[in-house]
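Listed below, chain by chain, are the residues.
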Amino acid sequence: MSPLASGPQGPTTLRPLLTTVLDALTAGAATRDGPLPSGGPTEVAARLREALGDPIPNHGDEDALRTLVQAVAAGAADPADPLCTAHLHCPPLAVATAADLAASVLNPSLDSWDQAPAASELESLVTKALAAEVYTEVYGETGRARTAGDALVTTGGTESNQLALLLAREHHGHTQLVCAENAHHSLRRATWLLGLPEPVTVPAPAGTMDPAALGEALTALPGRLLVAATAGTTDAGLIDPLPDIAALCETHGARLHIDAAYGGGLLFSDRHRPKLDGLARAHTVTLDLHKLGWQPVAAGLLAVRDRHDLAPLGHHADYLNADDDTEAGLPDLLGRSLRTTRRPDILKIAVTLKTLGRTGLGALVDRVCEQAAEFAELIHRHPRFELHDRPTISTVLFRPTDATDDTVAAVRRTLLTEGRAVLGRARLDDRLWLKATLLNPHTGADDLAALLKLVEGHTPR
C-alpha cells in the first residue's frame, strides 16, 4: 500500500522522497547547464519521451520520481537563471516554495469550512490586509485605508480580469468594456466568455491609454461603461495615467478596473509606490504575486473597493454551505471564488508577507527595478544597440542597431535553440524588439553584460 503524505507518518514518509527530489533537481540542472535546454522543441521532446517511456505501465517503477523530476528539470526554463528574462515568470522564493509543500501535504480545499478550518481563516485575514494595501491612499508619510475592501484569491491575471468583468455585468446588467490598445488579451477574451459586446478600443499612442481619446469615448458611448486601465503592460511594463483615467471615470459615472497584475507589486516599495497613484480609485484591481511577489504559480488576486460588490458570487450547495450550518456559525466559502475545489494558495503568500514584511518585499522590488535601469543604461551606451525607452518597472526593450525585424526574431530563436538565453519579443512602434523582463533580484551587472554580449555575438554584422 502506497504511503500517504499527511497524517502522523507523513513527514517520515516525505523526508527521503524530498532528498530524492532535491538530488534530481540538482542533476537535471547540471544536465541542462544553462537557462534553457538546448536543441529546440524536437530534441527536448525526444529526451522527455525517452525518460517517460510508457506513461501508464502495467507495473510501477520505484525510480519514477527521480527519473521524471530530473527529466523535467533538465528540460526546464529556469527563471532563476540570470539569462532567463523573457516573461513575467519569476524565480519563486525558497520560503514560499516550502510553504507550498505544506499546502500540498495538508491539502485543504477552500470550498467549505470543514475541509479548511485554519486555511479559510488565514485567507480571510490576508486577503483583507492585501485589499487594504491596494485601497490605501498615501498622503506624505501617513496613510488612510479604506476598510470596506476585500480580495479574492485567483489563479492569476486572466481569472481576475474575468471576475472583474463579471462583477461589473452583474451590478450593471449590459456593460460595455472600454480599454486601450495596450490592454491584456484576457480582457477581450472575457467579453466573449461573458457574452458582452466587443470592447471599444481607444488609442495608446505612446504605449499607454490616451486620456483625451478616453474622454471622447466616454462622452459618446451610451449605457453602462467599464473602463479597464493597465498598471504594467505585458510588452513594456508601462503604466497608464491612472489619476487622469480615474477622474474621467468619476466624471462620466463609469466603473473602473485596473489590471495591475504586473505593476501591483510596486505597492510594497516606498520608492516606486507613487507610480500607482490613482489605483485606490478603481472599483476592482487585478494583482499577481507570482510576478513581482516571487510566489510559485498560482498566486493571483482580485481586490474590490467595496466588499459588497462580491455579493453576486454567492452560491448555495447544501452539502457545502447548508443554511442551518451557516446560521450556526460555519463560514460560507462558496462566494469566495467561481471555483469549487481550490488549494490554499494563500499559505505561501502569508508566509512570504510575514517572513519578509513590507520592507523586505519592497527591497526586492527596488532591486529588480534598479537592474532594469542599469541594463537600459548599458544598452544606451552601446554603439551596436538601440534602447526603446527607459524602463517604468523592470522590463527593457532593445534591438541591434539597423537590424531588420527578421534578424531580431532570428537572434532570439537561435539563443533559445542553443539554450544560451531566454529573451522575449514585443512589437511597438511597428518594429520588433527584444524584451528582457528582470525579476531575479540576484542578477548582477556581469550577468547583464553577458546577456548583451550574447545577443551581440549572435547578430550578423
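Given the structure is predicted, the values throughout are model-derived calculations rather than measurements.

About the cut-offs
- Residues numbered from 1 in each chain as written.
- Predicted model: local features only at pLDDT ≥ 70, side-chain atom pairs only at ≥ 80, totals over all residues.
- Heavy atoms only, no water.
- Pairing = 2+ DSSP bridges.
- Helix = DSSP H or I, 4+ residues; strand = E, 2+ residues; numbered from the N terminus.
- Axes fitted to C-alpha atoms, helices over the stretch in contact; angles between N-to-C directions.
- Contact = heavy atoms within 4.5 Å.
- Buried < 20%, exposed > 50% of the residue type's maximum accessible area, 1.4 Å probe, protein only.
- Polar contact = N/O pair within 3.5 Å; in protein donor to acceptor, adjacent residues only side chain to side chain.
- Phe/Tyr/Trp six-rings, centres within 6.5 Å; stacked < 30°, edge-to-face > 60°.
- Patch = residues over 30% accessible without salt bridge, like charges linked within 9 Å, V, L, I, M, F, W, Y side chains within 5 Å.
- Areas by Shrake-Rupley, 256 points an atom, 1.4 Å probe, with all protein chains shown as cover.
- Salt bridge = Lys/Arg side-chain N within 4 Å of Asp/Glu carboxyl O.

Participant: How do you make sense of the sheet that holds strand β5 (residues 200-202) when you look at a structure like this?
Facilitator: If you trace the 7 strands from one edge of the open sheet to the other, you get β3-β9-β8-β7-β6-β4-β5, paired in mixed fashion. Each edge of the open sheet carries a strand with a single partner, namely β3 (150-154) and β5. Averaged over all neighbouring strand pairs, the angle between strand axes comes to 20 degrees, with direction disregarded. In the sheet, β3 pairs with strand β9 (residues 300-304) via 5 bridges, with the strands oriented antiparallel. Directly across from D150, in β9, lies its bridge partner V304. Running over the sheet, helix α7 (residues 185-193) touches β4 (175-180), β5, β6 (224-230) and β7 (255-260) and is turned about 165 degrees from β4.

Participant: What am I meant to see in the pairing of strand β8 (residues 284-288) here?
Facilitator: For β8, a buried count of 5 out of 5 residues is recorded, marking the element as mostly surrounded by other parts of the structure. Burial of the side chains of β8 extends over both faces: T284, T286 and D288 are buried on one face and V285 and L287 on the other. The pairing of β7 with β8 spans 4 bridges and is classified as parallel. Looking at β8, one finds that H257 is bridged to T284. Across 5 bridges, β8 lies against β9 in antiparallel orientation. In the strand pairing of β9, V285 is matched with A303.

Participant: Explanation requested: helix α8 (residues 211-220) in the structure shown.
Facilitator: Each α-helix turn comprises 3.6 residues. Residues three or four places apart therefore point the same way. Where α8 is concerned, the buried positions are A213, L214, G215, A217 and L218. Two to three positions downstream of the cap, the backbone nitrogen of A212 sits 3.1 Å from a side-chain oxygen, assigning the N-cap of α8 to D210.

Participant: Help me understand the environment of L347, please; the structure alone is not making it clear to me.
Facilitator: Within the secondary structure, L347 is located in helix α12 (residues 346-381). Taking the C-alpha atoms as reference points, L347 and A103, 244 residues apart in sequence, are found 6.8 Å from one another. Filtering out sequence-adjacent residues up to four positions away, L347 remains in contact with A99, A102, A103 and L122.

Participant: Honestly, the packing of aromatic side chains in this entry has me stumped. Any pointers?
Facilitator: Here a ring pair, both rings aromatic, is described through the centre-centre distance and the interplanar angle of the planes. Counted by the stated rule, this structure contains 2 aromatic pairs. Judged by centre distance (5.5 Å) and plane angle (85 degrees), the ring pair of F375 and F398 falls under edge-to-face. Taken together, the residues F375 in helix α12 and F398 in strand β11 (residues 395-400) connect sequence positions 23 residues apart. Per residue, the accessibility class of F375 equals that of F398, and both read buried. On the basis of an interplanar angle of 65 degrees and a centroid distance of 5.9 Å, the ring pair of F385 and F398 is categorised as edge-to-face. With a gap of 13 residues between them, F385 in strand β10 (residues 385-387) and F398 in strand β11 connect regions that are remote in the sequence. Residue F385 is classed as buried on the basis of its relative accessible area of 7%. Taken together, the ring pairs connect F375, F385 and F398 into an aromatic cluster.

Participant: Just to check I follow, could you spell out the sheet that holds β11 for this structure?
Facilitator: The strands that make up a sheet are held in pairs by hydrogen bonds between backbone atoms, and each pair lies either parallel or antiparallel. Strand order in the open sheet formed by 4 strands is β10-β11-β13-β12, and the pairing between neighbours is antiparallel. Here the strands that pair on one side only, and so sit at the sheet edges, are β10 and β12 (424-428). For this sheet, the mean angle separating the axes of adjacent strands, direction not counted, is 40 degrees. In the sheet, β12 pairs with strand β13 (residues 431-437) via 5 bridges, with the strands oriented antiparallel. Considered in β13, the bridge of R425 is made with L434. The sheet contacts of α12 involve β10, β11 and β13, and relative to β11 the element is tilted by about 15 degrees. This element, helix α13 (residues 405-418), spans β11, β12 and β13 of the sheet and lies at about 30 degrees to β13.

Participant: Mind showing me how you'd approach a nonpolar patch on the surface here?
Facilitator: A cluster of nonpolar side chains, contributed by L48, L52, L68 and V72, occupies part of the molecular surface with about 290 Å² of accessible area. Every element with two or more residues in the nonpolar patch is listed here: α2 (40-52) and α3 (64-74). Its place among the elements puts V72 in helix α3. On the basis of relative accessibility, which here comes to 51%, the residue V72 falls in the exposed class.

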